[in-house]
Amino acid sequence: MTNPMSEKKIVVIGATGQIGSELVVELRKKHGDQQVVAVSSRSVPKGELANGPHETVDATDRDALKSLFERHCPDTVYHLAGLLSATGEKDPARAWAVNIGSLTNVLDLSRDLGVRQVFWPSSIAAFGPTTPRDNTPQNTVLAPTTMYGVTKVTGELLCQYYWVKYGLDVRSLRYPGLISYKTPPGGGTTDYAVAVYFEAIRNGNYDFFVGPDTVLPMMYMPDAIRATIELMEAPAEKIKVRTSYNLTAMSFSAEELAKTVADHVSGFSCSYSPDFRQQIADSWPRSIDDSAARKDWGWKHEYDLERMTAEMIKNIK
Ligand code: VAH
């Protein structure tokens, strides 16, 4: 069903990922199935993603991406494809090549082919061990010690450059750990906050790969999807940050998460076996000051740990 009112043409790159798979559905509800092209480099988009146009294109292949842009003439591009923190540490060269190679392709092609708006995800991973870890400010030290974090800081500066130099309306959010039930964890350090729900229901226990006192900023996916769309729909004059906005909903420890899950899954037990991802988590903030997003474009979160857990358990069951 196409929505005659909306002549928007949106391309979502990374459509089968954790964010992309839910963002495509939301954007199609808003603008019509045919107005949103789901693009993935690997698997052909299936299920809901196949309800509208979908293509298999590797965004690091500039010619293939150019041909896609020329065929669909998008006015808006959400570029979500990339390697996450844990996967990135296993192959840093590939993390740089994919994350930065694809972003520069998207920015150049958007500038040259008349795309009006671009969204690109940054992350709290842009911060490092020398960043204040509590209530981390919007403007502060960005010296990450993961390759994923290096690509996030680089990407933020590229986004700001294409706005300042070419007037390309690029917008970005520093997502916290995102929790959803629709896609399996994808190689992130915060994957424990997703896996615990599935494992609790599947076999009644979970072995965290971080320690019980590990505190990280987190957000339920519906809040993240809404923040993304609200940011992109805000009038340009309200957008004062052209690197990437701090964004958060809550912070909790692995132990607090385990306790909330146990309240919903009787007999649930857990253990803690920190691995290499503990060092990554320890280099990130414990909580985020996202007052700039709340002031500039009216951000407010809706899900706290209790409400998210109830929804996660209900939907996984
Ligand atoms: C990761 N989920 O763990 C991502 C995210 C803040 C964490 O960037 O790599």
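Residues numbered from 1 in each chain as written. Predicted model: local features only at pLDDT ≥ 70, side-chain atom pairs only at ≥ 80, totals over all residues. Heavy atoms only, no water.

## Description of the environment of Pro129
Next, step 1: Within the element layout of this structure, Pro129 appears in the loop between β5 (117-123) and α5 (147-166).
Next, step 2: Pro129 gets classed as partly exposed once you look at its relative accessible area, which sits at 48%.
Next, step 3: Pro129 has contacts with Ala143, Thr145 and Ser283, leaving out every residue within four places of it along the chain. (Helix = DSSP H or I, 4+ residues; strand = E, 2+ residues; numbered from the N terminus. Buried < 20%, exposed > 50% of the residue type's maximum accessible area, 1.4 Å probe, protein only. Contact = heavy atoms within 4.5 Å.)

## Digging into the packing of helix α6 (residues 192-203) against helix α8 (residues 254-264)
Helix-helix packing is characterised by the crossing angle of the two axes and by the distance between the axes.
Next, step 1: At their nearest, the axes of α6 and α8 sit 11 Å apart, and the two run at 25° to each other. The angle between α6 and α8 falls in the class roughly parallel. The handedness of the crossing between α6 and α8 is right-handed. Facing Tyr192, Ala193, Val196, Tyr197 and Ala200 of α6, the residues of α8 in contact are Ala254, Leu257 and Val261.
Next, step 2: Among the residues forming the contact of α6 with α8, the class breakdown is eight nonpolar, no polar and no charged. (Axes fitted to C-alpha atoms, helices over the stretch in contact; angles between N-to-C directions. Parallel < 35°, antiparallel > 145°, perpendicular 65-115°, else oblique. Left-handed = near helix turned anticlockwise from the far one by under 90°. Nonpolar A, V, L, I, M, F, W, Y, C, P; charged D, E, K, R; others polar.)

## Focus: the layout of surface pockets
Empty pockets left among the atoms are what a rolling probe the size of a water molecule brings to light.
Next, step 1: Looking at the largest pocket, its volume works out to about 1,100 Å³.
Next, step 2: Those elements giving two or more residues to the lining of the largest pocket turn out to be β2 (36-40), α3 (85-90), α4 (92-112), β5, α5 and β7 (177-179).
Next, step 3: Per-class residue counts for the lining of the largest pocket are 21 nonpolar, 22 polar and five charged.
Next, step 4: When residues of the lining of the largest pocket are assigned to domains, at least three map to each of domain 1 (10-176 + 220-246) and domain 2 (179-217 + 250-287 + 302-316).
Next, step 5: Of the voids in this model, the second largest pocket is the one considered here, and its volume is about 220 Å³.
Next, step 6: Thr16, Ser21, Glu22, Ser43, Val44, Lys46, Glu48, Leu49, Lys182 and Thr183 together form the lining of the second largest pocket.
Next, step 7: Here the residues of the lining of the second largest pocket sort into two nonpolar, four polar and four charged. (1 Å grid on protein atoms, 1.4 Å probe; cavity = no way out; pocket = protein on both sides within 12 Å on 5 of 7 lines; lining within 4 Å. Points joined across faces, edges and corners; volume = space filled by probe spheres on them. Domains from an automatic or database assignment.)

## Details of the domain arrangement of the protein
Next, step 1: Domain boundaries assigned for the protein yield domain 1 (10-176 + 220-246) and domain 2 (179-217 + 250-287 + 302-316).
Next, step 2: Look at where the C-alpha atoms of domain 1 and domain 2 centre, and you get two points 25 Å apart.
Next, step 3: Counting from both sides, the interface comprises 28 residues of domain 1 and, opposite them, 28 residues of domain 2.
Next, step 4: Both faces combined, the contact of domain 1 with domain 2 buries some 2,400 Å², and carbon together with sulfur accounts for 54% of it.
Next, step 5: Counting the surface domain 1 buries against domain 2, the share from its top three residues, Ile124, Arg133 and Tyr220, is 34%.
Next, step 6: Here domain 1 and domain 2 share two salt bridges between them.
Next, step 7: Asp134 is paired through a salt bridge with Arg286; the nearest N and O atoms lie 2.9 Å apart.
Next, step 8: Counting every contact that joins domain 1 to domain 2 gives 14 residue pairs in polar contact (both at pLDDT 80 or more).
Next, step 9: Where the side of domain 1 that touches domain 2 is concerned, the elements lending two or more residues are α1 (20-31), α3 and α7 (221-233).
Next, step 10: Ranked by residues supplied to the side of domain 1 that touches domain 2, first place goes to α3 with five residues. (Buried area = accessible area lost by both parts, 1.4 Å probe. Salt bridge = Lys/Arg side-chain N within 4 Å of Asp/Glu carboxyl O. Polar contact = N/O pair within 3.5 Å; in protein donor to acceptor, adjacent residues only side chain to side chain.)

## Details of the pattern of salt bridges
Next, step 1: In this structure the tally under the stated criterion is 20 salt bridges.
Next, step 2: In this structure, Arg174 and Glu156 form a salt bridge, with 2.8 Å as the shortest nitrogen-oxygen distance. Remark: Glu156 occurs in helix α5 and Arg174 occurs in strand β6 (residues 169-175); sequence separation between them is 18 residues. When sorted by exposure, Arg174 lands in the same class as Glu156, which is buried.
Next, step 3: Within the structure, one salt-bridge network assembled from shared partners comprises Arg62, Asp108, Arg111 and Asp112.

## Quick look at the sheet that holds strand β4 (residues 76-79)
Next, step 1: Taken in spatial order, the seven strands of this open sheet run β3-β2-β1-β4-β5-β6-β10, and their pairing is parallel. Both edges of this open sheet fall to β3 (54-56) and β10 (245-246), since each of them pairs with a single strand only.
Next, step 2: With three bridges connecting them, β2 and β3 associate as parallel partners. Paired with Ala38 across the two strands is His54, which belongs to β3.
Next, step 3: Sheet strands in contact with α4 are β1 (10-13), β4, β5 and β6, and its direction is about 175° off that of β4.
Next, step 4: The strands that α7 touches are β4, β5, β6 and β10; relative to β6, the one it contacts most, it runs at about 155°. (Pairing = 2+ DSSP bridges.)

## Description of the pairing of β2
Within a regular strand, the side chains alternate between the two sheet faces.
Next, step 1: Burial of β2 is extensive: five of the five residues sit out of reach of the surface.
Next, step 2: Side chains Val36, Ala38 and Ser40 of β2 all project onto a buried face; the interleaved residues Val37 and Val39 project onto the opposite face, where all are buried too.
Next, step 3: Of the pairings in the sheet, the one linking β1 to β2 comprises four bridges and is parallel in character. Pairing of Val12 across the sheet is with Ala38, part of β2.
Next, step 4: With respect to chirality, the unit in which β1 leads through α1 into the neighbouring parallel β2 is right-handed. (Right-handed = clockwise from strand over helix to strand, strands pointing away.)

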